[in-house]
Amino acid sequence: MPDLSQRHTFGIASRCRVLHEFCSVQQLLDLYPRETPCYIMGEGSNTIFTEDYDGQVLVNKIAGVEVCHEPGGVSLRVGAGENWHTLVAYTVEQGWGGLENLALIPGSVGAAPIQNIGAYGLEAGERIREVEVVDVATGRQFSLTQSECRFGYRDSIFKRAEAQSWVVTYVHFWLAEDIAPVTAYAELAALDNPTPVDIFNKVIDVRQQKLPDPAVLGNAGSFFKNPTITTTQYNELKKTHPAIPGFVVSDQQVKVPAAWFIDRAGFKGQCKDGVCCYHRQPLVLVNQHHATGQALLAMARAIQHKVVQLFSVTLSPEVRLLGKQGRVEL
Ligand code: FAD
Ligand code: EPU
């Protein structure tokens, strides 16, 4: 049984029935599905195998970067199996701005549109022009425009039921020459007239200070999404917690950092059975020492439970949790 521990960055010891890498659409269609259940993945930085997976794992390795200079900017068509950070570094080296805020996010290019990766004031969906997809259930190949992808906060059409058998094969980006630097985020606001290289370096610096390197300490980045609550609930919480941070999403909604709730609930730096709530960023759970899936789920459920109890706010996982037969919920 193939070993999965090096295939997902949280690193829980686990195996699957069969594993194949595919380098082309044809190879994918030939392989799919020899076994069920079947899981399509990239680099496993948002996937946690909590136990042995009794199915087939298909790993996207479709490579290639095609560049086209067009009036007003550069368009790129990138194989879904390319590494995300390598792509960002390449564009910045070429002098093309637009992706620099998303430096050092682990994972593959093909996974970027799935949860619409975002950091430091930018989401990948803002630079994606088109996504090429194959529906492995029918073999049909088609493209979605940016608006058809229905990008939202850690969300897209690719998370909906209708997209269950879609595999992203290529992603097209549009990097306009006149893109303004995105510096609204506190950590970037202090930069004076920054170039894409300046932002790229600063983002790497900030990320390395806050987030554990998965090559050193197993983790999957933010375990939970930042919850959006009603303005009424936010104002109620503010009465008892005047320092509660919040970002206005609309007239009726405020997004509150999950890290703040987890920190106030007392989990920051806590460890149990090899799983820790990271001491510098409590939204990240880490595999401190031979963590099992059970220990991870227990820690995540304890956090969820306490946050509901204290604040009446439900935290939803950002990561994809997999059990023996497929997806598991908290
Ligand atoms: P995987 O974990 O392999 O897959 C993730 C999901 O996408 C799964 O549901 C999988 O089935 C699906 N999928 C993967 N490839 C395809 C495909 N080709 N077609 C269809 N479905 C596919 N995320 C952020 O948004 N912002 C951050 O700042 C950030 N920081 C992180 C920091 C650390 C240290 C870590 C470990 C993770 C971080 N993440 C962040 C999460 C992660 O990097 C992203 O979700 C990334 O896009 C996952 O890429 P992957 O290839 O590893 O995906
Ligand atoms: N906070 C605390 N205690 C802490 C740390 C943070 O209370 O120990 C509170 C503070 O109020 C702080 C706030 O949380 O201002 C936000 O913290 P941070 O700037 O570190 O960002 P985040 O909201 O926790 C999000 C993303 C990250 C992304 C960063 C930067 C989500 C779920 N997470 O984290 O994405 O890198 O912003 O833009 O939206 C990921 O998705 O895996 C990920 C790492």
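Below is a summary of the structure that appears in this document. (Residues numbered from 1 in each chain as written. Chains lettered and ligands numbered in written order. Predicted model: local features only at pLDDT ≥ 70, side-chain atom pairs only at ≥ 80, totals over all residues. Heavy atoms only, no water.)

**Observations regarding the site of ligand 2**
We apply this condition: Here, proximity means that at least one heavy atom of the residue falls within 4 Å of the molecule or strand. We define a polar contact as two N or O atoms separated by no more than 3.5 Å, with the added condition that, inside protein, one atom must be a possible hydrogen donor and the other a possible acceptor, whereas residues neighbouring each other in sequence contribute only through side-chain atom pairs. The accessible surface values rely on the Shrake-Rupley method and a 1.4 Å probe; as for residues, cover is taken only from the protein chains in view. Here a strand is any run of E in DSSP of at least two residues, a helix any run of H or I of at least four, and the numbering for each starts at the N terminus. Three classes are used, and their members are as follows: Ala, Val, Leu, Ile, Met, Phe, Trp, Tyr, Cys and Pro are nonpolar, Asp, Glu, Lys and Arg are charged, and the others, Gly among them, are polar. Segment limits for the domains were obtained from an automatic or database-derived domain assignment.
Tyr120, Tyr153, Asp263, Lys268 and Glu318 are the nearest of the 24 residues found near ligand 2. Between an oxygen atom of ligand 2 and a side-chain N or O atom of arginine 207, the distance comes to 3.5 Å. One nitrogen or oxygen atom from the side chain of lysine 268 is found 2.6 Å from an oxygen atom belonging to ligand 2. Considering ligand 2 on its own, with 830 Å² of exposed area, one finds that the protein chains cover 81% of that surface. Residue assignment for the shell around ligand 2 shows that the elements contributing at least two residues are helix H5 (196-210), strand E12 (218-222) and helix H7 (258-264). In terms of residue count, the dominant contributor to the shell around ligand 2 is H7 (four residues). Broken down by class, the residue content of the shell around ligand 2 amounts to 11 nonpolar, four polar and nine charged. Looking at which domains feed residues into the shell around ligand 2, each of domain 1 (65-207) and domain 2 (212-322) gives three or more.

**A short note on the environment of asparagine 46**
What counts is decided by this rule: Whether two residues are in contact is decided by their heavy atoms: any pair within 4.5 Å suffices.
By secondary structure assignment, the location of asparagine 46 is in the loop between strand E2 (38-41) and strand E3 (47-49). Taking the C-alpha atoms as reference points, asparagine 46 and threonine 86, separated by 40 residues in sequence, lie 18 Å from one another. Contact partners of asparagine 46, with chain neighbours within four places excluded, come to Gln115, Ala220, Glu318, Val319 and Arg320. Among the polar contacts made by the side chain of asparagine 46, one reaches the side chain of glutamine 115 at a distance of 3.3 Å.

**Side note on the side chain of serine 165**
Note on placement: serine 165 falls in the loop between strand E10 (140-145) and strand E11 (166-176). Setting aside its immediate chain neighbours within four residues, serine 165 contacts Val134, Asp135, Val136 and Ala137.

**Quick notes on the sheet that holds strand E4 (residues 53-60)**
Convention followed: At least two bridges found by DSSP between two strands are what make those strands a pair. To get an axis, a line is fitted to the C-alpha atoms, and for a helix only the part in contact is used. The angle between two axes follows their N-to-C directions and goes from 0 to 180 degrees.
Spatially, three strands are ordered E1-E4-E2 in an open sheet, and the strand pairing comes out parallel. With one partner strand each, in any of the chains shown, strand E1 (16-22) and E2 form the two edges of the open sheet. Strand-to-strand, the axes of this sheet are offset by a mean angle of 20°, without reference to chain direction.

**Details of the site of ligand 1**
Residues in contact with ligand 1 amount to 32 residues; listed here are only the nearest, Ile40, Ser45, Thr47, Ser108 and Arg207. Between ligand 1 and asparagine 60, the relevant distance is 3.2 Å, taken from a nitrogen atom to a side-chain nitrogen or oxygen of the residue. One nitrogen or oxygen atom from the side chain of arginine 320 is found 3.4 Å from an oxygen atom belonging to ligand 1. Broken down by secondary-structure element, the contributors of at least two residues to the shell around ligand 1 are E2, helix H3 (112-115), strand E7 (118-119), E11 and E12. Class assignment for the residues of the shell around ligand 1 results in 15 nonpolar, 13 polar and four charged. The residues that make up the shell around ligand 1 include at least three from each of domain 1 (65-207) and domain 2 (212-322).

**Here's the deal with the packing of aromatic side chains**
The line we're drawing: A pair of Phe, Tyr and Trp rings is counted when the ring centres sit within 6.5 Å of each other, with Trp represented by its six-membered ring. The angle between the planes then sorts it: under 30 degrees is stacked, over 60 is edge-to-face, the rest tilted. Only protein chains enter the calculation, and the probe is 1.4 Å; a residue is then buried if its accessible area is under 20% of its type maximum, exposed if over 50%, and partly exposed in between. Charge over a ring is defined by NZ of Lys or CZ of Arg lying within 6 Å of the ring centre and within 35 degrees of the ring normal.
Overall, the coordinates contain 11 aromatic pairs when judged by the stated rule. Ring geometry for tryptophan 260 versus phenylalanine 311: centroids 5.7 Å apart, planes at 50°, classification tilted. Placement of tryptophan 260 in helix H7 and of phenylalanine 311 in helix H8 (residues 293-311) is noted, with a sequence separation of 51 residues between them. Overall, the relative accessible area of 5% leaves phenylalanine 311 in the buried class. Connected via pairs of aromatic rings, a cluster forms that spans Tyr39, Phe49 and Tyr53. Arginine 77 extends its terminal NZ or CZ atom over the ring of tyrosine 170, reaching a point 3.7 Å from the ring centre. The side chain of lysine 255 reaches across the aromatic face of tyrosine 153, ending 3.5 Å from its centre.

**Remarks on the state of the cysteines**
Linking two cysteines covalently through their sulfur atoms gives a disulfide. The following threshold applies: In plain terms, two cysteine sulfur atoms within 2.5 Å form what is called a disulfide here.
Following the criterion strictly, the structure yields one disulfide and no others. Free of any disulfide, cysteine 16 has its nearest neighbouring cysteine sulfur in cysteine 38, separated by 10 Å. When its relative accessible area of 0% is taken as the criterion, cysteine 16 is described as buried.

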